[in-house]
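Breakdown of the fold
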Amino acid sequence: MKIKMKDSGPNYKIYKSIKIIICTFFITILMLFSIASVRTVLLDVNAGLQLADWEKTNSLSLVINHHQREELFHHFKEAIRIPTVSLTETEINTTALLDFYKLLRKAFPTVFSSGLVHHEVVANYSHLFWVPGSQPDLTPYMLLAHMDVVPASESDGWDAPPFSAKEIDGFIYGRGCIDNKQSVMGILQALEYLLIKGYAPRRGFYISLGHDEEVSGFNGAMNIVRVLKQRDVKLSFVLDEGLAILDGVISGLEDPAALIGISEKGQATVKLTVSMAPGHSSIPPRESSIGILAAAVKRLEENPMPRLFGHGPERGTFEHLAHKFRLPLKFIMSNLWLFSPLLGRIMERRPDTNAFVRSTTAVTMFNAGVKVNIIPSFAEAYVNIRIHSAQSLQEVLDLIESTIEDERVKIELVDGFDPLPISSYDETSFGFQIIKKTVLAMFPNVTVAPGICIGNTDSRHFKELTNDTYRFTPTWFKPGDSQRFHGINERISKKNYEELIVFYFNLIQNCDIQKLPAPHSTVHDL
């Protein structure tokens with residue numbers, strides 16, 4: 001006998017509700033998939049100004065002949081051979097910096113003799129150049145670089161002595177090749193060539209060369225900023241070192257990517273200390289100062305900062321690159337509004353990509369004990385934190401305190417600062433679009449995208465002079481090359497160094513336009 005379910009019965013109402021929920025669920029999934037599919041096909045945030053009509057300027061072309069090529073490589077190698085090493089704020093090779101100044105005057109005689117260029121030495125060793133424009137109403141910009149380098153020793157495993165500038169297979173090896181003497185020499189070499197050709201800019205610009213960037217730039221960059229503030233200088237944008245052209249570095253990306261840094265992570269150094277009565281090792285207490293501090297450090301390592309992928313500029317990076325990924329990554333990158341949590345979980349598995357997901361903590365120093373049979377009364381550790389753009393210094397300090405949660409561990413901020421402001425990178429952003437235009441004209445197969453610097457540069461000191469600071473050099477990086485920063489076998493290809501000179505040569509001229517073109521309407525805009 002069949003039992004017919006009554007329409008008005010409670011079981012039927014439950015059945016109907018479940019059916020509605022299931023149908024709603026599948027309809028929602030279908031809608032999300034449809035929206036995501038459309039974005040995957042149409043999303044191309046790079047389309048806007050590439051199709052627009054740019055203002056025409058009198059552009060000079062640069063063709064480097066054999067004699068010039070030999071000369072520019074000779075001067076670059078001389079720069080690498082001068083050991084302008086910064087160890088600490090008080091341990092700087094000032095003799096080398098003076099030698100470097102002599103080299104600059106010898107290598108770029110037109111720059112230093114031109115009546116158009118105003119040069120001054122700041123804080124004894126840094127250099128500030130001012131090239132006024134013919135149209136003073138155009139806001140000037142600044143090209144930034146630094147002359148000092150970190151220490152290097154051949155015994156660390158270099159293939160060539162680190163201050164030899166030795167050539168191996170078309171590469172010049174030496175400390176400073178990619179951090180940051182390639183920019184110092186490349187910028188001045190470009191200006192030298194422009195002046196020889198009779199160039200005079202419409203838009204004025206500054207060139208700032210710091211001497212102590214590797215030890216925070218407190219004497220060089222900060223004094224240059226002080227000089228410019230006294231003169232009420234405001235800058236359209238600042239271009240410093242930072243990110244580069246990545247070729248084969250980002251998994252799944254079909255073409256090279258030029259990442260222009262639009263911000264830097266903040267930084268903090270935190271000191272952890274434990275103090276207690278000393279004792280003899282034959283009568284140990286239940287917990288020692290070392291044990292208490294080690295437990296605190298372990299809690300920090302086992303409980304990383306919260307995952308913040310998608311809440312900072314890293315989202316813009318992947319959206320700009322999305323159309324160049326292969327499926328299924330293209331589908332994911334085009335729809336970070338939906339997949340940010342998933343991508344964040346994937347990226348946190350590797351140390352090099354985890355740095356883009358969250359604020360990172362690294363225990364860099366641990367000191368305790370004076371004798372093998374004495375239980376130390378004091379133990380200390382230093383933790384270096386790189387702060388994600390979506391967090392503040394104070395938020396990070398609060399999280400450290402709640403994670404350690406031990407009153408016996410004293411937490412002290414040694415120094416630190418918040419993440420740097422995020423510079424504009426839309427179609428109305430003068431600096432970003434000029435850099436992008438210059439890159440694409442030289443490297444048409446490259447995709448340009450905003451990026452985040454996980455390290456810090458001298459440019460952070462200039463934030464009161466401009467709203468837009470960019471961190472980029474057209475240095476080509478292949479897999480493994482990033483480890484050459486402050487590592488062994490730092491090098492640059494001769495071809496790439498020549499490209500840098502051409503880049504700055506063209507960039508300076510591209511900045512002479514009065515304003516950006518109106519964005520070209522495109523169906524790709526979503």
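These notes cover the structure that comes with them. Source: prediction; values computed, not measured. (Residues numbered from 1 in each chain as written. Predicted model: local features only at pLDDT ≥ 70, side-chain atom pairs only at ≥ 80, totals over all residues. Heavy atoms only, no water.)

How two helices pack is summed up by the angle between their axes together with the distance between the axes. Following both chains from N to C, one finds helix H8 (residues 314–321) and helix H10 (residues 336–347) inclined at 105 degrees, their axes separated by 12 Å at the closest point. Of the possible angle classes, the one that applies to H8 and H10 is roughly perpendicular. Listed contacts from H10 to Arg 315, Phe 318 and Glu 319 of H8 are Leu 336, Trp 337 and Met 347. Residue composition of the contact of H8 with H10, grouped by class: four nonpolar, no polar and two charged. (Axes fitted to C-alpha atoms, helices over the stretch in contact; angles between N-to-C directions. Helix = DSSP H or I, 4+ residues; strand = E, 2+ residues; numbered from the N terminus. Parallel < 35°, antiparallel > 145°, perpendicular 65-115°, else oblique. Contact = heavy atoms within 4.5 Å. Nonpolar A, V, L, I, M, F, W, Y, C, P; charged D, E, K, R; others polar.)

What follows concerns the side chain of Lys 181. Looking at where Lys 181 falls in the secondary structure, it is placed in helix H5 (residues 181–196). The buried charged residue Lys 181 lacks any salt bridge partner; its closest oppositely charged side chain belongs to Asp 148, at an N-O distance of 8.8 Å. Residues in contact with Lys 181, not counting those within four places in the same chain, are Phe 76, Ala 79, Ile 80, Ile 82, Thr 84, Phe 100, His 146, Met 147, Val 149, Gly 176 and Gly 186. (Buried < 20%, exposed > 50% of the residue type's maximum accessible area, 1.4 Å probe, protein only. Lys, Arg positive; Asp, Glu negative; His and termini not counted. Salt bridge = Lys/Arg side-chain N within 4 Å of Asp/Glu carboxyl O.)

Our next topic: the nonpolar core. Membership of the largest hydrophobic core comes to 92 residues, with the highest contact counts inside it found for Leu 104, Met 185 and Leu 239. The leading source of residues in this core is H5, at nine residues. Each residue touching Leu 104, except ones within four places of it in the same chain, is listed here: Phe 112, His 127, Met 147, Val 184, Met 185, Leu 188 and Leu 209. Grouped together as the second largest cluster of nonpolar side chains are 21 residues, Leu 300, Ala 379, Leu 393 and Leu 397 included. (Core = buried A, V, L, I, M, F, W, Y, C linked by side-chain atoms within 4.5 Å.)

Quick look at the packing of aromatic side chains now. The full count for this structure, using the stated rule, is 17 aromatic pairs. Seen in terms of ring centroids, Tyr 141 and Phe 237 are 5.2 Å apart; in terms of plane orientation they differ by 5 degrees. Their pairing is stacked. Of this pair, Tyr 141 sits in strand E3 (residues 141–146) while Phe 237 sits in the loop between helix H6 (221–230) and strand E7 (238–246), and the two are 96 residues apart along the sequence. You'll find Tyr 141 and Phe 237 in the same group, each marked buried. With a centroid separation of 5.4 Å and 80 degrees between ring planes, the pair formed by Phe 443 and Trp 476 is classed as edge-to-face. (Phe/Tyr/Trp six-rings, centres within 6.5 Å; stacked < 30°, edge-to-face > 60°.)

With that out of the way, let us pick up the sheet that holds strand E11 (residues 360–368). The strands making up a sheet associate through backbone hydrogen bonding, with each pair oriented either parallel or antiparallel. Pairing within the open sheet is antiparallel, and its four strands lie in the order E11-E13-E9-E14. Both edges of this open sheet fall to E11 and strand E14 (410–417), since each of them pairs with a single strand only. Here the strands of the sheet are splayed against their neighbours by 20 degrees on average, with no regard to which way each runs. Pairing analysis gives eight bridges linking E11 to strand E13 (residues 378–387), with the strands arranged antiparallel. Considered in E13, the bridge of Met 365 is made with Tyr 382. (Pairing = 2+ DSSP bridges.)

Below, the discussion takes up the side chain of Arg 175. You can see Arg 175 is positioned in the loop between strand E5 (171–173) and H5. A polar atom in the side chain of Arg 175 sits 3.3 Å from the backbone oxygen of Val 150. Looking at Arg 175, its side chain comes within polar contact range of the main-chain oxygen of Pro 151, at 3.3 Å. Apart from the residues within four sequence positions on either side, Arg 175 is in contact with Ile 80, Val 149, Val 150, Pro 151, Ala 152, Trp 158, Pro 162, Phe 163, Arg 484, His 486, Gly 487 and Glu 490. (Polar contact = N/O pair within 3.5 Å; in protein donor to acceptor, adjacent residues only side chain to side chain.)

Taking 1.5 Å as the rise per residue, H10 with 12 residues should run 16 Å; its terminal C-alpha atoms sit only 13 Å apart, a clear shortfall. Of the residues making up H10, those classed as buried are Leu 336, Phe 339, Ser 340, Leu 343, Gly 344 and Met 347. Projected down its long axis, H10 shows its buried positions confined to an angular sector of 160 degrees, all on one face. For H10, the secondary structure elements touched by its buried residues are H8, helix H9 (329–333) and helix H11 (351–354). (Expected span 1.5 Å × (residues − 1). Arc of directions from axis to C-beta.)

Moving on, we get to the state of the cysteines. Defined simply, a disulfide is a covalent bond joining two cysteines at their sulfur atoms. According to the stated counting rule, one finds zero disulfides in the structure shown. A disulfide-free cysteine, Cys 177 has its sulfur positioned 20 Å from the sulfur of Cys 453, the nearest such atom. Considering cysteine sulfurs only, Cys 511 is the nearest to Cys 453, which forms no disulfide, with 19 Å between them. Residue class for Cys 453 comes out buried when judged on its relative accessible area of 4%. (Disulfide = S-S within 2.5 Å.)

Our next topic: a negative patch on the surface. On the surface, a cluster of negative charge is contributed by Glu 395, Asp 398, Glu 401 and Asp 418. With respect to the helices, strands and loops of the structure, Glu 395 is situated in helix H12 (residues 393–404). When its relative accessible area of 41% is taken as the criterion, Glu 395 is described as partly exposed. (Patch = residues over 30% accessible without salt bridge, like charges linked within 9 Å, V, L, I, M, F, W, Y side chains within 5 Å. Areas by Shrake-Rupley, 256 points an atom, 1.4 Å probe, with all protein chains shown as cover. Charge placed at Lys NZ, Arg CZ, Asp CG, Glu CD.)

Buried residues dominate strand E8 (residues 257–264), accounting for eight of its eight residues. As judged from the seven bridges shared by E8 and strand E15 (residues 447–453), these two strands associate in the parallel manner. Within E15, the residue paired with Glu 264 across the bridge is Cys 453.

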